[in-house]
Amino acid sequence: MLKTSKSKNDPSARGAAQPAKTYDGKKIKPALYVGTAVGHGRYIAAQDESGKLVADREGRPVPYKDI
């Protein structure tokens, strides 16, 4: 049997890693925000390395996808 393509699990077939996102010069990571009690809903928000959520001017956590 002739094998024509690489395995999907082959590490050499994967693309390069995405660069880390930053906000105001700080590295951020995704975190689940549950704000249903205050009417904000539930979404993935940005969190800095110290563990604090990144907030906008109104104090609402910034969605991770918007950065």
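Residues numbered from 1 in each chain as written. Predicted model: local features only at pLDDT ≥ 70, side-chain atom pairs only at ≥ 80, totals over all residues. Heavy atoms only, no water.

## Quick notes on the overall build of the chain
So, step 1. The helix and strand tally for the chain stands at 0 helices and 3 strands.
So, step 2. The N-to-C order of helical and strand elements in the chain reads β-β-β.
So, step 3. Relative to the globule expectation of 11 Å for 67 residues, the C-alpha radius of gyration of the chain, 18 Å, shows a markedly less compact shape.
So, step 4. Residues counted as buried form 18% of the 67 residues belonging to the chain.
So, step 5. In the chain, the share of contacts with a sequence separation of at least 24, taken over all contacts with a separation of at least 6, comes to 16%.
So, step 6. With an accessible surface of roughly 5700 Å², the chain has 51% of that area assigned to carbon and sulfur atoms.
So, step 7. Between the centroid of the 13 positive side chains of the chain and the centroid of its 7 negative side chains there is a distance of 9 Å. (Helix = DSSP H or I, 4+ residues; strand = E, 2+ residues; numbered from the N terminus. Rg over C-alpha atoms; globule rule 2.2 N^0.38 Å. Buried < 20%, exposed > 50% of the residue type's maximum accessible area, 1.4 Å probe, protein only. Contact = heavy atoms within 4.5 Å. Areas by Shrake-Rupley, 256 points an atom, 1.4 Å probe, with all protein chains shown as cover. Lys, Arg positive; Asp, Glu negative; His and termini not counted. Charge placed at Lys NZ, Arg CZ, Asp CG, Glu CD.)

## Examining unusual backbone geometry
So, step 1. Of note, Asp 24 is a non-glycine position whose phi angle comes to about 55°, a positive value.
So, step 2. Inspection of the secondary structure assignment puts Asp 24 in the loop between strand S1 (22–23) and strand S2 (26–35).

## Quick word on the pairing of S2
So, step 1. Taken together, the 2 bridges between S1 and S2 define a ladder with antiparallel strand orientation. Its bridge partner being in S2, Tyr 23 is matched across the sheet by Lys 26.
So, step 2. Linkage of S1 to S2, two consecutive antiparallel strands, is achieved through a turn of 2 residues, within which Asp 24 is found at a positive phi near 55°.
So, step 3. For S2 and strand S3 (residues 41–48), the ladder comprises 8 bridges, and the chain directions are antiparallel. Residue pairing across strands places Tyr 33 opposite Tyr 43, the latter belonging to S3. (Pairing = 2+ DSSP bridges.)

## Here's the deal with the confidence of the model for the chain
So, step 1. Of the residues in the chain, 93% reach a pLDDT of 70 or more, and the chain-wide mean stands at 86.
So, step 2. Per-element confidence in the chain is highest for S3, whose mean pLDDT is 94, and lowest for S1, whose mean pLDDT is 89. (pLDDT = per-residue confidence, 0-100.)

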